[in-house]
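Fold and contact review
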Amino acid sequence: MDKADTRICSSLRLQDRFVFQFAGNLGYAQGIDNLLEAIGLIKNDNIHFLFIGDGAKAGDIVSYMKKRTHKNVSLLGFQDRANQNDFLNACDIGIVTLSDGMYGLGVPSKSYNIMASGKPMLFIGDRQSEIALCIEEYSLGWVVEPDNPEMLARMIEHIYSNRTCLSAMQNNAKTVADTVFAKERILEKYYKLLS
């Protein structure tokens, strides 16, 4: 689905904005404070940040939005999985974050949904994590260390400046989702492992 055709982009009037989206649990493990601090450094009116989900840090996003005169952030609460096609396509870049110290404790499943929607990924987390290694191996996006909002803001601006060169990453994301992480292929690996 084209971003401009999504219900969310239409209702929020984001068709002409370059949208970075975080969709999922807005909890303590996601490094939301670091992301908000980086967003505060972005002055480009063409860049918009869309948060979809709920969790312990949702209130911090609401507070951030109330304090800021620069209106480049939207927060939609929990969205039903039935609307996943719409909300996953309502962006240009999918954001995946893990707080510092979360290395090895989990792999954010939202990464696979972002790949399946054919969106490049901006991962904020440890460079040795599985998601970071996957992004680099298959050229799916960018990796920025956690707790460095200045570096993250520079990366966001870099991505925007090079937005016309995203088609290869979009193709890579969809191809990797449909092949490397295809359900049948993963089930076959489990079958071989357990046989």
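The rules we used
Residues numbered from 1 in each chain as written. Predicted model: local features only at pLDDT ≥ 70, side-chain atom pairs only at ≥ 80, totals over all residues. Heavy atoms only, no water. Patch = residues over 30% accessible without salt bridge, like charges linked within 9 Å, V, L, I, M, F, W, Y side chains within 5 Å. Areas by Shrake-Rupley, 256 points an atom, 1.4 Å probe, with all protein chains shown as cover. Salt bridge = Lys/Arg side-chain N within 4 Å of Asp/Glu carboxyl O. Helix = DSSP H or I, 4+ residues; strand = E, 2+ residues; numbered from the N terminus. Polar contact = N/O pair within 3.5 Å; in protein donor to acceptor, adjacent residues only side chain to side chain. Contact = heavy atoms within 4.5 Å. Axes fitted to C-alpha atoms, helices over the stretch in contact; angles between N-to-C directions. Parallel < 35°, antiparallel > 145°, perpendicular 65-115°, else oblique. Left-handed = near helix turned anticlockwise from the far one by under 90°. pLDDT = per-residue confidence, 0-100. Expected span 1.5 Å × (residues − 1). Buried < 20%, exposed > 50% of the residue type's maximum accessible area, 1.4 Å probe, protein only. Arc of directions from axis to C-beta.

So, about a nonpolar patch on the surface. Where nonpolar side chains cluster on the molecular surface, the patch consists of Tyr190, Leu193 and Leu194 and spans about 400 Å² of accessible area. Considering the arrangement of structural elements, one finds Leu194 in helix H9 (residues 183-194).

As a further point, take the side chain of Asp92. Looking at the element boundaries, Asp92 is found in the loop between helix H4 (84-88) and strand S4 (93-97). Among the polar contacts listed, one links the side chain of Asp92 to the side chain of Lys3, at a separation of 2.7 Å. Not counting chain neighbours up to four residues away, the residues in contact with Asp92 comprise Lys3, Arg17, Phe18, Val19, Lys119 and Pro120.

The topology assignment puts Ser117 in the loop between helix H5 (110-116) and strand S5 (121-124). Excluding anything up to four places from it in sequence, Ser117 contacts Leu88 and Asn89.

This brings us to the packing of helix H2 (residues 32-39) against helix H7 (residues 149-161). In contact at an axis separation of 8 Å, H2 and H7 are set at 60° when each is read in the N-to-C sense. The orientation of H2 with respect to H7, classified from their angle, is oblique. In the crossing of H2 with H7, the sense of the turn from one axis to the other is right-handed. Judged by residue contacts, Asn34, Leu35, Glu37 and Ala38 of H2 engage Pro149, Leu152 and Ala153 from H7.

The subject of this paragraph is the confidence of the model for the protein. For the protein, per-residue confidence averages 89 on the pLDDT scale, and 95% of positions sit at 70 or higher. Mean pLDDT across the elements of the protein ranges from a minimum in H9, with 78, to a maximum in H7, with 97.

Turning our eyes to something else, we now look at H7. Along its 13 residues, H7 runs 18 Å from first to last C-alpha, staying within 8% of the 18 Å computed at 1.5 Å per residue. Residues of H7 that are buried include every one of Pro149, Leu152, Ala153, Met155, Ile156, Ile159 and Tyr160, and no others. For H7, the arc enclosing every buried residue in end-on projection is 160°, short of the 170-degree limit, so these residues lie on one face. Residues of H7 that are exposed and point over 90 degrees away from its buried face: Arg154 and Ser161. If you follow the buried residues of H7, they end up packed against strand S1 (18-23), H2, strand S2 (47-52), S4, S5 and strand S6 (141-144).

What the rule picks out here adds up to five salt bridges. The closest approach of N and O atoms between Asp33 and Lys57, which form a salt bridge, is 3.0 Å. Highlighted residues: Asp33 in helix H2 and Lys57 in the loop between S2 and helix H3 (58-67), separated in sequence by 24 residues. Given a relative accessible area of 9%, Lys57 falls into the buried group. One salt bridge connects Asp60 with Lys57, and the closest N-O pair in it is separated by 2.6 Å. Among the ionic contacts, a cluster of salt bridges with common partners joins Asp33, Lys57 and Asp60.

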